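Residue-level structure breakdown
Given next are the chains, with one letter for each unit.
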Amino acid sequence: MLLFSVSTYLGKQQKETFQKTESRLGQSGDVLKLTNRFQRNFISMVSGLRGYLLTNETSFIQTYDSALQDNKKIGSELATFISVGSEQRALLEDIIQLERYWVDEFAVPLISSKKVSSISSDTRGSFNDLYRTKLKTGLEQDVQKSLQKKFHEFAQYEYNFRNTMAQSLINFMNITHDISLYLTFTTTLIGICISIWLSWYISSRVKSMVSMAKAISDGDYNVRTMADGKNEFNQLGKALNQMAVVLRNTISKISKQRDELDQFAHIISQDLRAPLNGITNMLASAKNEKSTKSNSKLRDLLEDIEGEVLNVESRIKGLLSYASAGGSDQYKEVVEVEHMLDRVKSYITPHSGVRLIVQQGMPTLYTEKLLLEQVLTNLVLNAIVHDSLHDVEVCVFCREEHDMYLFYVQHIMAPSEDPSRQRMFLTFTGMQDVYQFEQAGIGLPIAKKIISERGLQIKMSIEPGKRYVFCFNWPKNEMNEAHYQHFSGRG
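What comes next concerns the included structure. (Residues numbered from 1 in each chain as written. Predicted model: local features only at pLDDT ≥ 70, side-chain atom pairs only at ≥ 80, totals over all residues. Heavy atoms only, no water.)

1. As for the packing of helix H1 (residues 2-55) against helix H2 (residues 58-81)
Across the interface, H1 lies against H2 with an axial gap of 8 Å and an inter-helix angle of 155 degrees. By the angle between their axes, H1 is roughly antiparallel relative to H2. Crossing of H1 against H2: the hand is left-handed. When grouped by side-chain class, the residues that make up the contact of H1 with H2 number 14 nonpolar, 11 polar and four charged. (Axes fitted to C-alpha atoms, helices over the stretch in contact; angles between N-to-C directions. Helix = DSSP H or I, 4+ residues; strand = E, 2+ residues; numbered from the N terminus. Parallel < 35°, antiparallel > 145°, perpendicular 65-115°, else oblique. Left-handed = near helix turned anticlockwise from the far one by under 90°. Nonpolar A, V, L, I, M, F, W, Y, C, P; charged D, E, K, R; others polar.)

Right, dumping it as structure tokens:
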């Protein structure tokens, strides 16, 4: 802005210089016009004088007098244009004095003598003697030559002044042009430097805040960013630093509460298992008594009690599984879903009539293997446990949708079952006395918890023919170098 102010000032100065030059050149033109008019009037005076002397016609005297009066006005007007003490003013004064000298010493005596020459022969002779004397002295020619020289010098001075003014104006314009060019170049250079500095400053501050946000997302809540000053970046930096402090305190409090809850859950489970083990031992002792062996009703009752004890123990295990599901950070690895489901098949081998059908060409992912395995295993086992038919058929298949894989787990419902969409995901709902799969009753809440914590979705629908269909999405673009090498190796 300062540089542009200088440029504006120079433009103003140039405009004022143009105006002054224009005014002075106009004045110079007036001076030249008046000088030429003065010179023409003097010539008219000489011609009028000669005409009057030769013809004695009064019209020539009138021309002479008119030119003489006009020159007096011109002399006064020229004096207003020319500064006192200058060489040109001295020339003007010389011209006026020469004209007066010519008028006083030559014109006036001749005119006076001519006017009385007609009175007598003596006056005529006096006029003729005077006229011959003036001509012989050469006064008129000397004065005229001197005036012509003075007029030429006076006009040349004016022409020289005009040339000087024009050259000065050209030089000033060139200087102004060069300065404007330098100012424009300097302004552009400074503007580029300021832009680069601002870009660097904004970019560095944004990168610092992005690094801070990334560090916070990675779990480092002690990170800080520069927040000195009062501009918007520093205010944002202060807010981020304050947010990091709040997050650190909140996460620390949450971690402490989570550890306390985990510890509490394990303590409660141990406290419950101790009396359950005691009850189991007492039931075993009671079943070995002779009176118990002979009483079938009592033996059946003891077996029912033992089954309920096992059911309570399975609930405790389910509670611990739910509390730890998805809670810890899992590392990613290459997972072949088809091989994973083959392992799930091995879990259900002891159940006759249960068939697990897996779609061919299941995808290979780079993801948290344990979490995906927990979700698929719990959904498959839940289908087996909730199906009361003898011949159980569970189908697992998937399809691609944008950047996700949609996995489906489908099985036939028992005719007597009528579940609702909401109750299927409630914790501890619908547990069955299935000893081989003690955690199956809590499998759906575990699967829902894992998927929800990853920001994904799981849905259930009932198709015609009493079929449960569970559908959940899983990202397919969690690629890294190991995953790339794995696929490249497979060819």
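Here the narrative resumes, following the displayed structure.
2. Some details on the nonpolar core
Counting residues in hydrophobic clusters, the biggest one holds 38 residues, and the most contacted among them are Leu372, Leu379, Phe407 and Phe472. Those elements giving two or more residues to this core turn out to be helix H9 (337-347), strand S2 (354-358), helix H10 (369-386), strand S4 (392-401), strand S5 (404-412), helix H11 (443-453), strand S6 (458-463) and strand S7 (467-475). Sequence-distant contacts of Leu372, that is, excluding residues within four places in its chain, are made with Val335, Val337, Met340, Leu365, Thr367, Phe472 and Trp474. Counting 32 residues, the second-largest nonpolar core is a separate cluster that includes Ala67, Ile95, Phe151 and Phe154. (Core = buried A, V, L, I, M, F, W, Y, C linked by side-chain atoms within 4.5 Å. Buried < 20%, exposed > 50% of the residue type's maximum accessible area, 1.4 Å probe, protein only. Contact = heavy atoms within 4.5 Å.)

3. Let's talk about the packing of aromatic side chains
Throughout the structure, instances matching the rule amount to nine aromatic pairs. Seen from their ring centres, Tyr405 and Phe407 are 6.4 Å apart, and the 50 degrees between their planes marks the pair as tilted. Tyr405 gets classed as buried once you look at its relative accessible area, which sits at 13%. Using a relative accessible area of 0% as the deciding quantity, one classes Phe407 as buried. A connected cluster of aromatic rings, assembled from ring pairs, spans Phe42, Tyr64, Trp102 and Phe106. The ring of Trp474 is capped by Arg454, whose NZ or CZ atom sits 4.5 Å from the centre of that ring. Geometry around Tyr405 places Lys476 over its ring, the cationic atom sitting 5.6 Å from the centre. (Phe/Tyr/Trp six-rings, centres within 6.5 Å; stacked < 30°, edge-to-face > 60°. Lys NZ or Arg CZ within 6 Å of the ring centre and 35° of its normal.)

4. Some thoughts on the pattern of salt bridges
For the coordinates displayed, the defined rule picks out eight salt bridges. A salt bridge links Asp70 to Arg37; its shortest N-O distance comes to 2.7 Å. Of this pair, Asp70 sits in helix H2 while Arg37 sits in helix H1, placing them 33 residues apart in sequence. We classify Arg37 as partly exposed; its relative accessible area is 33%. Salt-bridge contacts for Arg89 lead to Glu93; the nearest nitrogen and oxygen are separated by 3.9 Å. In this pair, Arg89 and Glu93 are both assigned in helix H3 (residues 87-116), four residues apart and thus about one turn of the helix distant. (Salt bridge = Lys/Arg side-chain N within 4 Å of Asp/Glu carboxyl O.)

5. Quick look at the side chain of Glu99
Within the secondary structure, Glu99 is located in helix H3. Buried and unpaired, Glu99 has no salt bridge, with Arg100 as the nearest side chain of opposite charge at 5.9 Å. (Lys, Arg positive; Asp, Glu negative; His and termini not counted.)

6. Quick word on the packing of H2 against H3
Viewed as axis vectors pointing N to C, H2 and H3 meet at an angle of 160 degrees, and their least axial separation amounts to 11 Å. Our classification of the angle between H2 and H3 gives roughly antiparallel. Here H2 and H3 pass one another in a crossing that is left-handed. For the pair H2 and H3, contact is made by Ile61, Tyr64, Leu68, Asn71, Gly75, Leu78 and Ala79 and by Arg89, Leu92, Ile96, Glu99, Trp102, Val103, Ala107 and Ile111, respectively. Here the contact of H2 with H3 is composed, by residue class, of 11 nonpolar, two polar and two charged.

7. Considering the side chain of Thr187
Relative to the elements of secondary structure, Thr187 occurs in helix H5 (residues 139-217). Judged by relative accessible area, which is 19%, Thr187 ranks as buried. Once residues lying within four places of it in the same chain are set aside, the contact partners of Thr187 are Leu3 and Phe4.

8. Here's the deal with the environment of Tyr221
Mapping Tyr221 onto the fold places it in the loop between H5 and helix H6 (232-288). The spatial distance from the C-alpha of Tyr221 to the C-alpha of Val245 is 6.9 Å, given a sequence separation of 24 residues. Look past the residues within four positions of Tyr221 in its chain and what remains in contact with it is Ile216, Ala244, Leu247, Arg248 and Ile251.

9. Some details on unusual backbone geometry
Its identity as a non-glycine residue notwithstanding, Asn56 has a phi of 60 degrees, on the positive side. One non-glycine residue, His402, adopts positive backbone phi at about 60 degrees. Along the polypeptide, His402 turns up in the loop between S4 and S5. Residue His402 is classed as exposed on the basis of its relative accessible area of 72%.

10. Some thoughts on the environment of Gly361
Tracing the backbone shows Gly361 in the loop between S2 and strand S3 (364-368). Assessed through its relative accessible area of 58%, Gly361 is described here as exposed. As for Gly361 and Cys398, which are separated by 37 residues in sequence, their C-alpha atoms are 9.4 Å apart.

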